[in-house]
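Survey of secondary and tertiary structure
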Amino acid sequence: MTKNPFWRLLKLAAPFKGWIALATLLGVSTVGSGIGLMATSAYLISSAALHPSVAALSLAIVGVRFFGISRGIFRYLERYVSHQVTFKLLARLRVWFYEAIEPLAPARLLEGRYRSGDLLSRVVADIETLQDFYGRVLAPPLVAAIVGLGMWFFLGAYAVNLALIFLAFFLMAGVGVPLLTYRLSRKLSREVITVRAELNVEVVDGLQGLAEVVAFGQEEKQFKQVQALNRKLIYRQQQLSWVNGLQNGLGNLLMNLAAWAMLWGAIPLVQEGGLEGIYLALLILAALASFEAVLPLPMAFQHLGSSLEAARRLFEIVDSPPIIHEPKTLSPTPRNYSIEVKNLCFQYEAEGVGYRASGDGKEEEYLAQHPTPDTRHPIPDTRCPTPNTRYAVDNISFTLPEGQCLALVGPSGAGKSTLANLLLRFWDYSEGQIRLGGYELRDYSQADLHKLCGVVTQTTHLFNTTIRENLLIARPDATPQELITATTQAHIHDFIQTLPLGYDTLVGEEGLRLSAGERQRIAIARALLKNAPILILDEATANLDTITEREIWRTLQTLRQGRTTMIITHQLSGLEMADEILVLRAGKMVERGPHYELLSLEGFYWRMWLNNR
Amino acid sequence: MKLEKRLLQQTRNVRVYLAITIGLGLLMGLLIIGQSYFLSQVIANIFLAEQGLAQVEGLLQILLLIIIARALLNFWSEVSANQAAGQVKTHLRERLFSHLQALGPSYTRGERSGELSHTVTGGVEALDAYFSQYLPQLFLTVFVPLIIVIAVFTADFLSGLILLLTAPILPLFMILIGQAAEALNKKQWRSLSQMSAHFLDVLQGLTILKLFGRSQVQRTTIAKVSERFRQTTLGVLRVAFLSALVLEMGATLSVAVIAVEIGLRLLYSQISFQSAFFVLLLAPEFYLPLRLFGTKFHAGMSATAASQRIFEILERPLPATSQADITDSPPLLSLGTIRFNQVCYGYSDNGENVRPALNGVSFEIQPGQKVALVGPSGAGKSTIAHLLLRFIEATQGEISVDGTPLQNFAAQGWRKQIAWVPQNPYLFSGTIAENIRLGEPNATLAEVIQAAQEAQAHEFIETLPQGYETAIGERGARLSGGQAQRLSLARAFLKNAPLLVLDEATSNLDPENEALVLEATARLVQNRTVLIIAHRLYTVYQADQIVVLEAGRVVAIGTHQALLQKEGIYRELVQAYDGGLV
């Protein structure tokens with residue numbers, strides 16, 4: 001998998017090679033028509049200067065007219081076809097990336113360096129950069145190479161040394177100048193990017209932290225910092241403009257010098273009779289016109305750099321091995337909806353370290369060969385093997401019988417959400433055991449497992465569509481009445497009714513901005529609508545004010561009847577309804593028992609409870 | 001081809017550079033004429049007069065000089081165009097940032113801040129192309145063809161006439177098709193960005209889709225959306241590309257017409273070969289600026305679009321606060337009784353829907369008193385704090401200090417009296433020490449350490465790799481919520497102001513952290529006048545006075561005991577905290 005990103009990119013574009021060939025051909029034809037127009041025009045005038053009969057000129061006249069018309073048409077077709085390629089490539093890249101990322105989500109998207117929220121927008125931007133891979137990176141050198149080759153043969157047919165002079169200048173302009181400007185600008189461009197990032201940080205600091213800046217009277221200082229970085233950035237950009245100027249000037253110089261040198265070389269030839277004078281103007285103008293093909297090359301070089309950079313980032317994500325491994329056999333039918341956790345240990349993998357503590361696929365084989373549910377994983381009655389490493393979940397055991405309610409509480413970083421992630425098979429545990437309905441959790445496919453679970457998490461993503469569509473994700477065939485029942489239970493129906501378009505109001509970027517509490521209630525409604533036998537509430541009432549929170553808890557209390565429920569929270573309210581509470585701290589279980597029992601212990605739970613008030 | 005007036009005004013300071021750029025462009029036009037002239041002369045001499053290298057050597061040398069001069073001018077004009085753009089960007093970005101600062105936190109708060117910082121950085125950057133490419137090219141498109149056509153006229157009247165006649169046809173067609181195509185083009189780019197938004201939306205919601213078993217279905221949706229987009233867009237582009245077709249076709253056809261015309265007249269000796277060749281060389285150069293303008297057009301359009309947002313911000317009037325700074329204001333000698341008298345405030349989105357946040361709020365804070373604001377979210381607690389900090393000004397009613405209206409003091413001077421501890425403190429990229437020094441930029445390290453000790457932050461700072469010099473943020477240490485809280489408290493200790501505005505954090509801390517924060521807070525509120533937005537009952541018990549808010553109104557004022565006697569929202573709140581579900 002360590003193949004060069006350039007070749008992998010080419011492979012992604014491979015299905016469109018017919019279209020690419022066509023677009024390239026049209027690009028060459030466009031430049032070719034320009035050359036043809038100038039060459040035939042020059043030939044026409046040179047011939048006419050010798051005063052032959054009109055008939056002798058007719059072919060040249062036809063040629064001039066043909067090229068005069070064809071260039072525009074070729075240009076038009078070339079743009080049309082190359083946009084075909086661009087959009088086809090875009091569609092392919094999106095589906096390719098989605099297919100690759102879907103099995104990796106959400107684990108790979110949540111871990112370490114990808115945790116920052118802007119990863120996904122960078123992915124989208126990277127794919128957009130790559131959609132131009134053909135138009136901006138592949139096409140210009142291809143066209144230039146074909147034009148150069150064609151000119152070599154064309155000029156060579158008249159005089160070999162003219163072809164040599166031409167080729168020397170053409171290569172200098174097409175390869176030398178891009179390389180030179182690339183070398184000159186590389187360090188500067190990098191500095192521009194760094195300074196721009198620094199400026200960005202300072203501006204974001206200055207605006208997001210404006211309240212602090214103003215409250216502490218630091219406006220002046222913050223402004224000065226932005227000012228200094230801004231001026232530094234502009235200064236660097238101006239240095240970069242010197243390189244750009246050099247590139248423009250050199251390109252222009254080489255083109256005209258090529259014509260000049262060819263003229264200088266052709267004069268003795270004409271005198272000695274090695275070249276007919278009538279072709280002199282033709283060859284010079286053809287050479288000048290052909291430089292049109294090399295002018296976009298320096299840009300192509302820069303785009304190549306950014307394309308490879310974008311590709312490298314995408315491949316890096318796509319290549320990461322899946323965190324969970326789907327069972328090779330069909331998911332079992334759970335005997336009931338109880339959850340049993342024994343000696344569970346889990347550790348997020350360290351950054352950059354390849355995953356798979358559990359082996360290399362051998363385990364799956366083992367599973368496939370030993371299908372009896374009860375003997376597949378003998379419960380090891382040992383503690384987690386390496387006590388020195390910090391486990392996110394450290395030797396946790398509990399049983400949650402069907403229809404009961406278990407609460408996991410503890411400060412942030414205690415391992416509560418990790419446990420939820422393990423229960424949903426977003427990650428696979430390495431040691432210990434989780435059983436659902438009598439079967440090991442790993443025997444269920446992710447999709448089948450998710451069918452059994454209704455989940456409300458602490459951050460709710462609402463899609464850029466109507467409220468109704470957002471709710472229907474949970475159950476596409478739900479009736480309007482069922483929808484309203486769910487929203488009423490989640491205390492959001494009345495609010496939705498007040499919106500101008502009711503359930504058809506758009507939410508998200510282009511629509512209504514909902515408060516965190518409103519989003520949360522929509523998420524609860526969504527879970528209610530799904531009506532799954534297991535309910536996982538991961539900080540479901542975070543972001544709600546106390547009174548609403550209490551109402552929601554009342555709803556949840558009726559709702560949890562008949563369902564196996566797991567509540568994850570750091571706010572110790574509403575926990576009287578839990579049959580058992582596990583108090584976690586730094587991955588370890590420190591206390592367990594029902595609410596009042598835990599309070600009477602006057603331990604960690606009791607202190608948390610006091611602090612919460 | 002709209003010229004954005006407000007953008008053009010920005011050129012005031014950079015006219016010299018623009019003039020140089022345009023002047024260089026014109027000079028290049030002259031050199032093109034010279035080059036064409038000498039090239040046609042040399043070829044004519046070799047081809048028809050059958051001269052040798054020795055005879056044309058002089059001409060070749062002149063030609064070489066012209067070629068070198070052209071390259072130099074090319075270089076120089078690029079540099080000076082960038083100089084102009086750079087100056088405009090420097091100026092605009094600084095103005096924009098300081099204007100946003102003056103508009104204050106109530107304008108920049110929330111989700112908006114991302115968009116605003118993008119406007120300051122990326123938005124201003126988008127103007128570059130307008131000043132470095134679009135504007136100079138606009139002038140050159142008018143003047144360079146003019147010089148060339150004059151030169152052609154001196155060589156051959158008829159060809160000059162053809163150029164002159166065809167020249168207006170091209171822009172005319174371009175405008176006719178261009179406007180329709182531009183609208184289509186714009187629509188297409190908009191739908192492209194919408195499609196990207198859709199894709200991003202799906203990626204962001206991938207977890208949800210998976211949980212609801214919908215992620216496989218989305219694969220086909222993405223393919224379908226992209227395919228539909230390709231088809232409709234190409235349908236649109238078929239038309240949009242017509243402008244390119246017309247431009248290209250117009251230019252090449254005119255060259256072809258001239259070539260045939262001079263060729264035939266040359267046949268009948270109505271024109272000399274040298275003049276004919278000279279005209280042929282100039283004909284494409286005549287159309288070149290116009291074609292180049294076509295390619296810069298997009299840059300100009302997107303810059304104009306970006307500038308709309310920039311000017312929208314710049315033209316937003318500053319709140320009254322910032323104007324008060326200019327006038328002489330009495331110094332504040334000591335902090336007296338702060339009185340809110342029938343204060344109203346409404347948030348407005350773009351000046352339209354005014355959402356009332358406060359409606360006739362009255363209460364007093366006596367010197368040394370601790371006043372707690374209590375109420376459900378959205379009741380107006382933060383608005384009161386912001387009014388006191390003068391991030392915003394009351395729309396009605398008055399806030400006064402010992403009878404003097406708050407407006408009479410300069411806002412910056414007034415804020416010197418206040419230490420503010422927000423609910424979610426913002427940590428700046430920079431070191432721990434720098435972040436604490438926000439409270440007092442000139443504080444010595446010893447003072448910073450003392451403040452950190454008082455805020456119970458010293459110990460954890462000591463455990464960081466570089467202690468007080470540890471960088472925070474993306475590249476540095478990630479601090480927990482409790483640690484950030486304590487840094488914020490350290491700022492307040494360092495500032496040591498008589499009035500403290502404290503927005504209590506809703507707790508998500510482990511007991512140890514929480515205890516440390518509470519301890520530091522308790523120390524901070526000593527001997528100070530304090531306004532607390534309270535989220536904990538414990539804090540409320542300690543207050544001298546409790547102001548209960550609901551939907552922008554004060555519903556009750558009193559001590560904990562007094563309020564508990566009464567039926568109402570306070571009792572409900574206390575029960576919600578206290579009694580759990582029962």
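Residues numbered from 1 in each chain as written. Chains lettered and ligands numbered in written order. Predicted model: local features only at pLDDT ≥ 70, side-chain atom pairs only at ≥ 80, totals over all residues.

**Points about unusual backbone geometry**
All names here are of chain A. Threshold: Working definition: helices are DSSP H or I runs of at least four residues, strands are E runs of at least two. Numbering for both runs from the N terminus. Note on burial: count the other C-beta atoms lying within 10 Å of the residue's C-beta; 20 or more is buried, 12 or fewer is exposed, in between is partly exposed, and C-beta positions come from the backbone.
The phi torsion at Asn-395 lies on the positive side, around 55°, for a residue other than glycine. Mapped onto the elements of the fold, Asn-395 is located in strand 2 (residues 393–400). Judged by C-beta crowding, with 18 C-beta atoms within 10 Å, Asn-395 ranks as partly exposed. One non-glycine residue, Asn-531, lies in the positive phi region at around 55°. Secondary-structure assignment places Asn-531 in the loop between helix 18 (516–530) and strand 7 (534–538). Asn-531 gets classed as partly exposed once you count the C-beta atoms within 10 Å, which come to 15.

**Notes on helix 19 (residues 546–559) of chain A**
Applied cut-off: Under the convention used throughout, the expected extent of a helix is 1.5 Å for every residue step, that is, one less than its residue count.
Helix length check: helix 19 of chain A, at 14 residues, gives a terminal C-alpha distance of 20 Å against a target of 20 Å (1.5 Å per residue), a fit within 8%. Among all positions of helix 19 of chain A, only Glu549(A), Arg550(A), Ile552(A), Trp553(A), Leu556(A) and Leu559(A) are buried.

**Structural notes on the pairing of strand 4 (residues 396–401) of chain B**
Operational definition: When DSSP finds two or more bridges between two strands, those strands count as paired.
In this structure, strand 4 of chain B lies alongside strand 5 (residues 404–405) of chain B, joined through 2 bridges in antiparallel fashion. Considered in strand 5 of chain B, the bridge of Val401(B) is made with Thr404(B).

**Things to note about the sheet that holds strand 3 (residues 405–409) of chain A**
Residues and elements named next belong to chain A. Definition in use: Axis lines are fitted to C-alpha atoms, over the contacting stretch for helices. Their N-to-C directions set the angle, which ranges from 0 to 180 degrees. Contact between residues is assigned whenever the C-beta positions, reconstructed from backbone atoms, fall within 7 Å.
Taken together, 6 strands build an open sheet; the order of strands is 6-7-8-3-9-10 and the sheet is mixed. Sheet topology places strand 6 (453–456) and strand 10 (588–593) at the edges, where each strand pairs with a single neighbour. Direction aside, neighbouring strands of the sheet carry axes that sit 15° apart on average. When strand 3 meets strand 8 (residues 564–569), the two strands line up parallel, connected through 5 bridges. Counted as the bridge partner of Val-409 is Thr-569 from strand 8. Here helix 18 sits on the sheet in contact with strand 6 and strand 7, set at roughly 175° to strand 6.

**Some points on the environment of Thr21(B)**
All names here are of chain B. With respect to the secondary-structure elements, Thr-21 resides in helix 2 (residues 15–47). Under the C-beta neighbour-count criterion, Thr-21 is labelled buried, with 28 such atoms within 10 Å. Taking the C-alpha atoms as reference points, Thr-21 and Ser-80, 59 residues apart in sequence, are found 5.9 Å from one another.

**Some thoughts on the domain arrangement of chain B**
All names here are of chain B. The criterion, for reference: Reported domain spans reflect what an automatic or database domain assignment gives. Note that Gly is not counted as nonpolar here; it falls among the polar residues with everything else outside the nonpolar set of Ala, Val, Leu, Ile, Met, Phe, Trp, Tyr, Cys and Pro and the charged set of Asp, Glu, Lys and Arg.
For chain B, the domain assignment lists domain 1 (9–156 + 296–318) and domain 2 (157–270). The C-alpha-based centres of domain 1 and domain 2 are spaced at 24 Å. Contacts between domain 1 and domain 2 engage 5 residues on the former and 8 residues on the latter. Looking at the side of domain 1 that touches domain 2 residue by residue, the class counts come to 4 nonpolar, no polar and 1 charged.

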